[in-house]
Amino acid sequence: MIKNKTKQRIGLSLSLVMLILATGWQFSSREKKASPPNIILINLDDLGYGDVGAYGATALKTPNMDRLANGGIRFTNGYATSSTCTPSRFALVTGVYPWRNKDAKILPGTAPLLIDTKQETIPRVLKKAGYATGVVGKWHMGLGDGNTDWNKEIKPGPNELGFDYSYIMAATQDRVPTVYIENNSVVGRDPNDPIQVSYDKNFEGEPTGKENPELLKMKWHHGHDQSIVNGISRIGYMKGGKKAKWIDEEMSDVFLTKAQRFISDHKSKPFFLYYALQQPHVPRTPNPRFVGTTGMGPRGDAIAEADWSIGELIKSLEKESILENTLIIFTSDNGPVVNDGYHDEAVEKLGKHTPAGPLRGGKYSLFEAGFRVPFVTYWKGTIKPAVSDAVVCQLDLLSSLAHLAGQEVKGLDSQNYLDVFLGKSKKGRNELILEASSRTALRQGDWVLIPPYNGPAVNKAVNIELGNSKEYQLYNVKTDIGQRTNLAQSQPEKLKQLTATYDQLLKGYSKAETGTIKLE
Ligand code: NG6
Ligand code: CA
């Protein structure tokens, strides 16, 4: 009897425990589903459409970029909004077309913050959804109010735009100040060795690349002949901050470590990490571990280094068991350039490699290679591997990611294409305005219209066709990806149609308030 009762009791409590466990499990799995994924936005600097194995590169190996591209959706028509950095990044972060902001041009290191602190941004909208937000790497969207004292708090910056954490370089690797800035403050600043920065004139007694070529380990080709840091002359003048100056060859590891730290610090709640690698922008300074590994000189070696870093980042996610709960977006801010101002053997050792792949032009250009870039979405276990020909643009990440996190955004150029980014639809953008140094072009369907522009056909210093012509240019980029045949003469109806759309779009925009869109 007693035995039986005990048995019954044990049975009862066992089933209770199981019930609790079961409902508890159900609850937590439901919770898991309801909570949006981590998001990592990997943005390279000047990586070309043809620089990645999965996009056709054979002379250069990019196994980790390929892992993302082949295990996720590889977009063949993925665009940055612009063929240079600042406007491209401005549009990415704000969801506003860069040509609407007259200041969205390649910025010096002393430029004030380009984005209004009341502006909607990806980190801000994700923060509203409970995300921890961080940026590590290249910033190049201005900092401070224009009168920055680099020895004090540098405000406003990323932390005033919705990023909880920031570890950045102010502008580019080839521009002063050559220091890291963590949460608005120069890392390693020293009151006894204050930092001074100028883009107008040199500080007395400081050597420059122009006057002291004997101090250089990498010679400048055009521009880049001002202050010398680590044997490399830069754009702009800088004095002081000896302890704070970065060592170029360590930069990739520094950014990777900060990115990994951010991930491990925030693994238990959804996080958004904007990981903005500096490669393969000039000066190309791969760590000695990568020097000579590609046979292509520093440009190839820097890409190999970036690829390795991406692999390490994926490993961190695996180690924390969060890879399957993380959406990774991999892309580049603009197209490729081989010689961008230093003698670094990029031209001599290029061999058969084609950084732009089949596309015409490159960085700075209104032709496709300026802004059509590697573009991949990867989410292990959720996104089915595929190749998508849908037209997608970085401009639309803000709305799409907001949607993913259950947020709505209004009044921006950014549109919601989440289904396309997740591979549920192949219906991308029908119309997209593209920008190159304040000139604009239209992509509509399979067609590209480039209106007439004055200016040189080729930028001789970098050896890139800019897309300028006295004539209208019309290309079918589906049948003629290399933009070899201008159909403006032979397809007058198409030309008329695209010109009308282009005029209408731009007219619509000029009526709207230009520049920033303020939040209520
Ligand atoms: C150009 C620089 C180039 C690069 C570019 C910005 C010269 C001659 N050229 O002005 O080297 O720094 O600006 O690149 O100075 S971007 O990827 O940040 O847009
Ligand atoms: Ca760039």
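Residues numbered from 1 in each chain as written. Chains lettered and ligands numbered in written order. Predicted model: local features only at pLDDT ≥ 70, side-chain atom pairs only at ≥ 80, totals over all residues. Heavy atoms only, no water.

Q: For this particular structure, what's the right way to read the site of ligand 1?
A: The immediate surroundings of ligand 1 are formed by 20 residues, with C85, D174, R175, D340 and K363 found nearest. Separating an oxygen atom of ligand 1 from a side-chain N or O atom of H281 is a distance of 3.0 Å. The contact in question runs from an oxygen atom of ligand 1 to an N or O atom on the backbone of D340, over 2.9 Å. Tallied by class, the residues present in the shell around ligand 1 amount to five nonpolar, eight polar and seven charged. Three or more residues apiece are contributed to the shell around ligand 1 by two domains, here domain 1 (38-195 + 245-426) and domain 2 (197-239). (Near = heavy atom within 4 Å. Polar contact = N/O pair within 3.5 Å; in protein donor to acceptor, adjacent residues only side chain to side chain. Nonpolar A, V, L, I, M, F, W, Y, C, P; charged D, E, K, R; others polar. Domains from an automatic or database assignment.)

Q: In this structure, what is going on with the nonpolar core? I would like to understand it.
A: General note: in soluble globular proteins, nonpolar side chains tend to be found buried as a group. Ranked by size, the top nonpolar core spans 105 residues in total, and within it I42, Y275 and F330 carry the most contacts. Excluding residues that lie within four positions of it along the chain, F330 makes contacts with I42, L44, L47, V52, M65, L68, I310, P374, F375 and V376. Formed by 28 residues, the second largest nonpolar core is a distinct cluster that contains Y79, A91, L366 and V391. (Core = buried A, V, L, I, M, F, W, Y, C linked by side-chain atoms within 4.5 Å. Buried < 20%, exposed > 50% of the residue type's maximum accessible area, 1.4 Å probe, protein only. Contact = heavy atoms within 4.5 Å.)

Q: Please explain the environment of V197 as it appears in this structure.
A: Summarising the element assignment, V197 is placed in strand β7 (residues 196-198). As a C-alpha pair, V197 and V176 span 21 residues in sequence and 7.1 Å in three-dimensional space. Those residues in contact with V197 that sit more than four places away from it in its chain are T110, W150, V176, P177, F203, Y237 and M238. (Helix = DSSP H or I, 4+ residues; strand = E, 2+ residues; numbered from the N terminus.)

Q: Is there a simple way to think about the pairing of strand β13 (residues 375-378) in this case?
A: Regular strands place side chains that alternate from one sheet face to the opposite one. Here β13 shows no split at all, with F375 and T377 on one side and V376 and Y378 on the other all buried. Two strands pair when backbone bridges link them, and strand β2 (residues 73-79) and β13 are joined in this way by three bridges, in the antiparallel orientation. Bridged to I73 within β13 is T377. (Pairing = 2+ DSSP bridges.)

Q: Would you explain the coordination of the calcium ion (ligand 2) in this entry?
A: Four donors placed tetrahedrally around a metal ideally meet at 109.5 degrees, and six donors placed octahedrally ideally meet at 90 or 180 degrees. On the protein side, the calcium ion (ligand 2) has D45 (OD), D46 (OD), D333 (OD), D333 (OD) and N334 (OD1) as donor atoms, found 2.2 to 2.8 Å from it. Considering all six donor atoms around the calcium ion (ligand 2), angles at the metal cover 51 to 173 degrees and the coordination shape is irregular. The sequence motif formed by the donor residues of the calcium ion (ligand 2) is D-D-x286-D-N. Highlighted residues: D46 in the loop between β1 (38-44) and α2 (63-71) and D333 in the loop between β12 (326-332) and β13, separated in sequence by 287 residues. Comparing D46 with D333, the two get one shared label, buried. (Donors = N, O, S within 2.8 Å, 3.2 Å for Na, K, Ca; no water. Tetrahedral: all angles 85-135°; square planar, octahedral: opposite > 155°, others 65-115°.)

Q: Explain the sheet that holds strand β16 (residues 439-444) to me, please; I cannot follow it from the model alone.
A: Each strand in a sheet pairs with another by means of backbone hydrogen bonds, the pair being arranged parallel or else antiparallel. Overall, antiparallel pairing links the four strands, which are arranged β15-β16-β17-β20 in an open sheet. The open sheet has two free edges, formed respectively by β15 (431-436) and β20 (473-476), since each of these has just one partner strand. With direction set aside, neighbouring strand axes in the sheet form an average angle of 20 degrees. Examined bridge by bridge, β16 and strand β17 (residues 447-450) share three bridges and lie antiparallel to one another. Bridge pairing in β17 links R443 to V448. (Axes fitted to C-alpha atoms, helices over the stretch in contact; angles between N-to-C directions.)

Q: I'm lost on the domain arrangement of the protein chain in this one. Help?
A: For an interface, size is often stated in terms of accessible area lost upon the parts coming together. According to the domain assignment, the protein chain consists of domain 1 (38-195 + 245-426), domain 2 (197-239) and domain 3 (434-506). When each unit is reduced to the centre of its C-alpha atoms, the spacing between domain 2 and domain 3 is 38 Å.

Q: Help me understand the pattern of salt bridges in this model?
A: It is possible for side chains bearing opposite charge to pair when their charged atoms get close. Inspection of every chain in the model, using the stated rule, returns 26 salt bridges. Residue D164 pairs with K127 through a salt bridge whose shortest N-O separation is 2.4 Å. With D164 in the loop between β3 (132-138) and β4 (165-169) and K127 in helix α4 (residues 122-128), this residue pair connects regions lying 37 residues apart in the sequence. Under the relative-accessibility criterion, K127 is labelled partly exposed at 40%. (Salt bridge = Lys/Arg side-chain N within 4 Å of Asp/Glu carboxyl O.)

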